[in-house]
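# Fold and contact review
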Amino acid sequence: MAQYSRVSGTVGLITLLNPPVNALSAAVRQGIVDMMDKALSDRKVKSVVICGHNGKFCGGADIREFSSPLTGPLLIPVIQGVESAAKPVVAAIEGVALGGGLELALGCHYRIAHSKARLGLPEVHLGLLPGAGGSQRLPRLIGVPAALDIITTGRHVTAAEALKLGLVDRVTDRNTVDEAVKFALSVADQSPQSRRISTFPCPHHPDLDAVFEGVMQRVRQRARGALAPVACVQAVAAATLPFAQGMERERELMATLFTSGQARAQQYHFFAQRAVGRWSMPSGARWDKTKPVAVHKAMVIGLGTMGRGISVALVQAGVSVVAMETNEKQLMDAKQAISSMLERGAKRRGVAPALDKIRYSSDMQPAADVDLVIEAVFEDMALKKKVFQQLSALCKPGTFLCSNTSGLDVDQLASETRTPELVVGMHFFAPAHVMKLLEVVYGSRSSPQAVATAMELGKQMGKVSVAVGNCRGFVGNRMLKPYLEQAFFLLEEGATPEFVDQVLEEFGFAMGVFRMSDLSGLDVGWRVRKADGLPDGHSARIRQGCRYSPLGDLLCEQGRFGQKTGRGWYQYDKPGGQVAKPDPWLQDFLEKFRTQHGLVARRIDHQEVLERCLYALMNEGFRILEDGIAAGPEDIDVIYVLGYSWPPHRGGPMFYAAMVGLKKVLERLEHYHQEHPDIPSLKPCNLLRKLVVSGSPPVQKWREFLQKPQSQL
Ligand SMILES: CCCCCC/C=C/CC(=O)SCCNC(=O)CCNC(=O)[C@H](O)C(C)(C)COP(=O)(O)OP(=O)(O)OC[C@H]1O[C@@H](n2cnc3c(N)ncnc32)[C@H](O)[C@@H]1OP(=O)(O)O
């Protein structure tokens, strides 16, 4: 709803009131209509200010309303009503003006923003476009190139940038509503006619066609198969038409997106990102019953790629860091790399680099005086155990001990310490200062407080933290295993890496499985498999009674570790080269392999690649839910979208399973398992069967079918 009062004698003040972000629900939209009527019919009122309750202008349309039939006045006529008002209307923007919130501000005749306010049209992240006139008014106000950038990226713009772009008229450090009221008094006698953006022509640009073509190419590349970014470009292109025609085009494009599965997937992802913050553990411990401990000082051990990124993320979050590395050369290199990452980051954010927040050490001693340690040494259990033993002896009581392992047993590490309750996994994703995902792994003895502290620290670092149980590979890497396995089996049966990758990239992954493996390095998994007892030079296709593909191992034995060695599943022009080309050597190698094992290559189609790779991965997701390693499907989906480049417009693997239809997923898995009884990951798991028997409930209801955690509190 909205509140109304008259202030300073002649200014009508309308306050949007819908905590926490004043989203434009039906009641708020109705409130705007009613309060505008009041202000316009009050003879004493000469001008109007619209602001938001509690320091937040408006977070946009109420996304929760999108899943049911819309009621109340529509936003487009509400904004048109504001713009066509005969009295000047000023938007007082504090906190955020996003989506429909910014569109409402664009309907006002003037915009005053607080210096800390953020503005943006993030609809593209919800599978939509700014469909309440935003795609038509923004280019008219700031020009096509800047509008295309804001609308297709959905990024937030600072008040300073907004002022530079002409998006706001004034920026203030003072009380924004007071300033807006003063401003409204100063323009009270002026006609708003010349301030109605809908009457502006779209600013001239010498080569608009090239601008649209370039952006269209970029958005198609950035988000393969996503409808919204393309529609955003098309809508902005319509801003060169007369306003009414442009609005009609915006409406048509929005109508298509609004009912699309992609919009549903992306809106699910929005709420899933927030749902994972409400974590729980099998013990019954929960986010709302556990207080995190504030971390002021942390230590990072091991300054390879991961340790460097983690150090930067901590410093940028305001935590003092001791970065430790025993190898002198590595320490020197790390110092330089970390400083330049901090400098670049600070420049981007327009602040001074916090170089004084980090110091370096070549020994463990400083661990005695920190609140939390993150171990990021090489992925080797013996080495990590040694580090945890040393930490246990050195650290003051209460220091949290975290490991950045990507899949090793957190319980084993905890058992090396005197305080296993303070041990958790903090699995970052490379580059750790950029990637938004953090898996927080609780072991069987991790205390709720240790989990809460790691979750909160992740949030402080700008990450979306997901609490998961301890098992081989945790959630993300555990599900990756059957996916990779299927890709290898498909090669054995006749596919090529190029074809498998093409199918997965068409699905929406930024990179197919083989290009991704080449980029990450084939040797990483190989070393782990060898540590697990993989014999050298052994190409058997059955291990422990199950089908096994030795292709990855055989490539590593040839020194083909991927991009870094210039050879892997593809060839590159040089070690570290980035352009992947099909390699005739590999073709020949695969043919010889098939002959050696009596395999006859067959034609594998698009559908089989997708189903075998993705359904095997999804099936593992159901197992993870069944085992209680993830508390709900949202946790898995957030991990896959933010950590494994699962396309956001497909919601995540669990959401996708529901979209495809659980019955179909079950049938196809049954079919493939019948064809390949020696591949256990294709055997449909019980939870999937249970859900199908229960009528395939929507993903939001799956938690009801999972075992309830036993409260031990
Ligand atoms: C044919 C139909 C025509 C329709 C035309 C109109 C279309 C308009 C398009 C839109 O406006 S779509 C919405 C665009 N806005 C956004 O995408 C903003 C989304 N919100 C955010 O980015 C953030 O929430 C924030 C505003 C930056 C605040 O961040 P903060 O970290 O402070 O809080 P959160 O934890 O994210 O959110 C708190 C709480 O509020 C819920 N919420 C936030 N925004 C909305 C919203 N727009 N609608 C409904 N609910 C919203 C969020 O889910 C949290 O709830 P929880 O229950 O505590 O998890």
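As annotated in an unreviewed UniProt entry, the protein chain is Peroxisomal bifunctional enzyme from Oryzias melastigma. Reading the Subcellular location (unreviewed entry) entry of the UniProt record for the protein chain gives the comment "Peroxisome". The UniProt entry for the protein chain carries the following text under Pathway (unreviewed entry): "Lipid metabolism; fatty acid beta-oxidation."

It is worth spelling out the packing of aromatic side chains at this point. For the structure shown, the criterion picks out 18 aromatic pairs. Note on Y483 and F509: the rings are 6.0 Å apart at their centroids and 40 degrees apart in plane angle, and the pair reads as tilted. Of this pair, Y483 sits in helix α17 (residues 476-493) while F509 sits in the loop between α18 (497-507) and α19 (513-520), and the two are 26 residues apart along the sequence. Of the two residues, Y483 and F509, both sit in the buried class. Positioned over the ring face of F489 is R547, at 4.2 Å from the centre of the ring. The ring of F507 carries R650 above its face, with NZ or CZ at 4.2 Å from the centroid.

A few words now on the site of the ligand. Residues in close proximity to the ligand total 22 residues, the closest being G59, A61, I63, G100 and R274. One of the backbone nitrogen or oxygen atoms of G100 is found 2.8 Å away from an oxygen atom of the ligand. Residue R278 places a side-chain N or O atom 3.1 Å away from an oxygen atom belonging to the ligand. Summarising the interface, the protein chains cover 74% of the accessible area of the ligand, which totals 1,100 Å² for the free molecule. Residue assignment for the shell around the ligand shows that the elements contributing at least two residues are α10 (243-258) and α11 (261-275). Here the shell around the ligand gets three residues from one element, more than from any other, and that element is α11.

Quick look at unusual backbone geometry now. Cis rather than trans, the peptide bond between P19 and P20 has omega equal to 5 degrees. Residues A430 and P431 are joined by a peptide bond in cis, for which omega reads -10 degrees. For P431, the location among the structural elements is in the loop between β15 (423-428) and β16 (437-442). The phi dihedral of Q544 falls on the positive side, at around 45 degrees, and the residue is not glycine. Inspection of the secondary structure assignment puts Q544 in the loop between β18 (542-543) and β19 (546-547). Judged by relative accessible area, Q544 falls into the exposed class, the value being 81%. In the Ramachandran plot, S696 falls in the positive-phi region, its phi being about 50 degrees despite a non-glycine side chain.

As for its position among the elements, G458 is in helix α16 (residues 448-460). The class of G458 is buried, set by a relative accessible area of 0%. Taking C-alpha positions, G458 is 27 Å from G521, a pair spaced 63 residues apart along the chain. Excluding residues within four positions of it along the chain, G458 makes contact with L438, K463 and S465.

Attention shifts here to the nonpolar core. In terms of nonpolar packing, the biggest core is built from 103 residues, with W569, L614 and F622 touching the most fellow members. Looking at this core element by element, the count peaks at 11 residues for helix α23 (residues 606-626). Each of two domains, domain 2 (287-472) and domain 3 (495-596), supplies a minimum of three residues to this core. Apart from the residues lying within four places of it in its own chain, the contact partners of L614 are Y483, L504, F507, F509, W646 and Y656. In terms of nonpolar packing, the next biggest core, distinct from the first, is built from 73 residues, A2, I14, F66 and A263 among them.

Attention now goes to the UniProt feature "domain: 3-hydroxyacyl-CoA dehydrogenase NAD binding" (unreviewed entry) in the protein chain. Following the UniProt record, the feature "domain: 3-hydroxyacyl-CoA dehydrogenase NAD binding" (unreviewed entry) maps to residues 298-470 here. Its end C-alpha atoms 23 Å apart, residues 298-470 is made of 38% helix and 23% strand.

Segmentation of the protein chain into domains returns domain 1 (2-258), domain 2 (287-472) and domain 3 (495-596). The gap between the C-alpha centroids of domain 1 and domain 2 is 41 Å.

Here we come to the packing of helix α25 (residues 653-660) against helix α26 (residues 662-675). Where α25 meets α26, the axes come as close as 5 Å, and the angle between the chain directions of the two elements is 95 degrees. Of the possible angle classes, the one that applies to α25 and α26 is roughly perpendicular. Here A657, A658 and V660 of α25 lie close against α26, whose contacting residues are L662, K664 and V665. The residue makeup of the contact of α25 with α26, split by class, is five nonpolar, no polar and one charged.

The rules behind these values
Residues numbered from 1 in each chain as written. Predicted model: local features only at pLDDT ≥ 70, side-chain atom pairs only at ≥ 80, totals over all residues. Heavy atoms only, no water. UniProt positions renumbered as here; feature names shortened; annotations may be inferred. Phe/Tyr/Trp six-rings, centres within 6.5 Å; stacked < 30°, edge-to-face > 60°. Helix = DSSP H or I, 4+ residues; strand = E, 2+ residues; numbered from the N terminus. Buried < 20%, exposed > 50% of the residue type's maximum accessible area, 1.4 Å probe, protein only. Lys NZ or Arg CZ within 6 Å of the ring centre and 35° of its normal. Near = heavy atom within 4 Å. Polar contact = N/O pair within 3.5 Å; in protein donor to acceptor, adjacent residues only side chain to side chain. Areas by Shrake-Rupley, 256 points an atom, 1.4 Å probe, with all protein chains shown as cover. Contact = heavy atoms within 4.5 Å. Core = buried A, V, L, I, M, F, W, Y, C linked by side-chain atoms within 4.5 Å. Domains from an automatic or database assignment. Axes fitted to C-alpha atoms, helices over the stretch in contact; angles between N-to-C directions. Parallel < 35°, antiparallel > 145°, perpendicular 65-115°, else oblique. Nonpolar A, V, L, I, M, F, W, Y, C, P; charged D, E, K, R; others polar.

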